[in-house]
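Spelled out from the first residue to the last, the chains are:
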Amino acid sequence: MRFVDEAVISVQAGDGGNGVASFRREPVGTTVVDVTSGDVIGDMVEDGQRLLVAAGGRGGLGNTHFKSSTNRSPRQCTKGETGELREIRLELKVLADVGLLGMPNAGKSTFIRSVSAAKPKVADYPFTTLVPNLGVVDVDRHRSFVMADIPGLIAGAAEGAGLGIRFLKHLARTRILLHIVDVQPVDGSDPVENAKAILSELKKFSPALAELPVVLVLNKLDQIPEDTQNEWCTHIVAELGWTGPVFRCSGLTGEGTRQIVYYLIDQIEQQRELEVEDPDFAQAQKEFRERLEQETRENSLAAKEAYKEARRAARLGGDDDDDDDWDDSDESGMENIYVR
């Protein structure tokens, strides 16, 4: 089954009466956008939420409306008005508290498998994750959060390279980003340069997204000798000039993962409490989220157009080997669905 996180549909409300076209069972996290104006009609973020996307036409008047003492059997009636026709784009963004970032094969899928019930594909080659995966992390009784794993980024992602740029928008609703770094990549690449590349691509795609709190996780400790782990990890942190929170772990063995999830749940609960207790903080968060949503939406569309142009150019030049796992049969990765 193809993963579709966007769809353009035409909606036609009923003619006459008070009919409306409304969606009752979206994947929670769907943003509804007017294609013509680009305006956001609404955001479906709660289970059972309903949204009016096309108003039904006003009903016509029946003959009883014209009945009077002098006109007891009126023949007059009026026609109902035409219902509103609208073309809208449905944009799915996963709802998660924590989003995973990292190079392909950095161990993100193994990490989420280790701390949650999610079971994404894991293999010893890059780009095993082709679509976002969600996992619920149960920390303690009545304490849990949702984690999202997206396809790995590579250098040049903001210009359309690789898969991750197409899914970065799914991090727009997270509270914290977990940057997973392979401490000793099997391809011999420098973990410091890999980490810098990820942070650079994140900022190029969306400066607002780069403002989210980032936790550095040095992963795959099981691959280096225990007596050199401290020296090597200290070297990576120093070369990065990293001053934020940092953890060490092995997603494969589970070593160090509990400390990470306890830290994350504490941070998430503190944010939630502040949003309830501090109106100024809540308003600032609301404004930031709106800016983040707008920025990631615009940049995602721009990245998609750049990708489409690159594919067209490759086809015209005969260089397209068509080995992309993303199905772009309509050159957009979207399905057109018409509902009446």
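What counts and what doesn't
Counting from 1, residues in each chain are numbered in the order their sequence is written. Whole-chain, interface and lining totals are the exception, using all residues; otherwise, since this is a predicted model, local features are given only for residues with pLDDT of at least 70 and side-chain atom pairs are given and counted only at 80 or more. Side-chain metrics in this entry use all non-hydrogen atoms of the structure; hydrogen atoms and water are not considered. Strands are runs of DSSP state E lasting at least two residues, helices are runs of H or I lasting at least four, and both sets are numbered from the N terminus onward. When checking whether two residues touch, look at their non-hydrogen atoms; a contact exists if any pair is within 4.5 Å. Here the accessible surface of atoms and residues is derived via Shrake-Rupley with a 1.4 Å probe, and residues count as covered only by protein chains that are part of the display. Each pair of strands is called paired provided DSSP finds at least two bridges between the two strands. All axes are obtained by fitting lines to C-alpha atoms, using only the stretch in contact for helices, and the reported angles, taken between N-to-C directions, cover 0 to 180 degrees. Salt bridges are counted wherever a side-chain nitrogen of Lys or Arg sits within 4 Å of a carboxyl oxygen of Asp or Glu. Residue burial is assigned from relative accessible area. The probe radius is 1.4 Å, only protein chains are included, and a residue is buried under 20% of its type maximum, exposed over 50%, and partly exposed in between. Here the expected length of a helix is defined as 1.5 Å per residue gap, with one fewer gap than residues. Throughout, the arc means the angular range of directions from the helix axis out to the C-beta atoms. Definition of nonpolar core: a set of buried residues of the types Ala, Val, Leu, Ile, Met, Phe, Trp, Tyr and Cys, connected through side-chain atoms within 4.5 Å.

J.: Which residues make up the overall build of the protein chain, and what values do they have?
T.: Across its full length, the protein chain holds 5 helices and 13 strands. Counted over contacts in the protein chain with a minimum sequence separation of 6, partners at least 24 positions apart contribute 70%. Surface accessibility of the protein chain: about 17,900 Å² in total, with carbon and sulfur atoms responsible for 50%.

J.: Lay out the sheet that holds strand E12 (residues 246–248) in plain terms, naming residues and giving numbers.
T.: Strand order across the open sheet formed by 6 strands is E8-E9-E7-E10-E11-E12, with mixed pairing between neighbours. Unpaired on one side and paired on the other, strand E8 (133–140) and E12 mark the two borders of the sheet. The sheet shows a mean angle of 25 degrees between the axes of neighbouring strands, direction not considered. Sheet topology note: the strand E10 (residues 176–182)/strand E11 (residues 214–219) ladder contains 6 bridges and is parallel. Paired with Ile180 across the strands is Val217, a residue of E11. Where helix H2 (residues 191–205) meets the sheet, its contacts fall on strand E7 (98–101) and E10, and the angle it forms with E10 comes to roughly 150 degrees. Where helix H4 (residues 257–277) meets the sheet, its contacts fall on E7, E8, strand E9 (143–149), E10, E11 and E12, and the angle it forms with E9 comes to roughly 105 degrees.

J.: Go over the pattern of salt bridges with me, naming the residues and quoting the values.
T.: Evaluation of the coordinates by the stated rule reveals 11 salt bridges. Between Asp140 and Arg143 there is a salt bridge whose closest N-O contact spans 3.3 Å. Given a relative accessible area of 32%, Asp140 falls into the partly exposed group. For Glu290, the salt bridge is made with Lys286, and the minimal N-O distance between the two is 2.6 Å.

J.: Explain the environment of Val137 residue by residue, including any values.
T.: Counting through the fold element by element, Val137 comes out in strand E8. We classify Val137 as buried; its relative accessible area is 0%. Between the C-alpha atoms of Val137 and Ala117, which are 20 residues apart in sequence, the distance is 7.4 Å. Setting aside chain neighbours within four positions, we find Val137 in contact with Val115, Ser116, Arg143, Ser144, Phe145, Met147 and Val261.

J.: Lay out H4 with the relevant residues and their values.
T.: Its 21 residues give H4 an end-to-end C-alpha distance of 31 Å, which sits within 8% of 30 Å, the value for a rise of 1.5 Å per residue. Turning to H4, its buried residues number three or more, namely Thr257, Ile260, Val261, Leu264, Ile265, Ile268 and Gln271. Take H4 and look down its axis: the buried residues cluster within an arc of 125 degrees, on one side only.

J.: How would you explain the nonpolar core if you had to name every residue and give the values?
T.: Counting 30 residues, the largest nonpolar core has Leu168, Leu209 and Leu218 as the members making the most contacts within it. Only E10, H2, E11, helix H3 (226–240) and helix H5 (279–317) provide two or more residues apiece to this core. Broken down by element, the residue count for this core peaks at 6 residues, all from H2. In this structure, Leu218 is in contact with Val181, Val183, Cys233, Ile236, Val237, Val246, Phe247, Arg248 and Cys249, ignoring residues within four places of it in sequence. With 22 residues, the next largest nonpolar core counts Val115, Cys249, Leu264 and Ile268 among its residues.

J.: Describe the environment of Glu239, naming the residues involved and giving the relevant values.
T.: Positionally, Glu239 belongs in helix H3. For Glu239, a relative accessible area of 45% puts it in the partly exposed group. Through-space distance from the C-alpha of Glu239 to that of Glu193 is 9.3 Å; in sequence the pair is 46 residues apart. Apart from residues no more than four positions distant in its own chain, Glu239 is found in contact with Val192 and Lys196.

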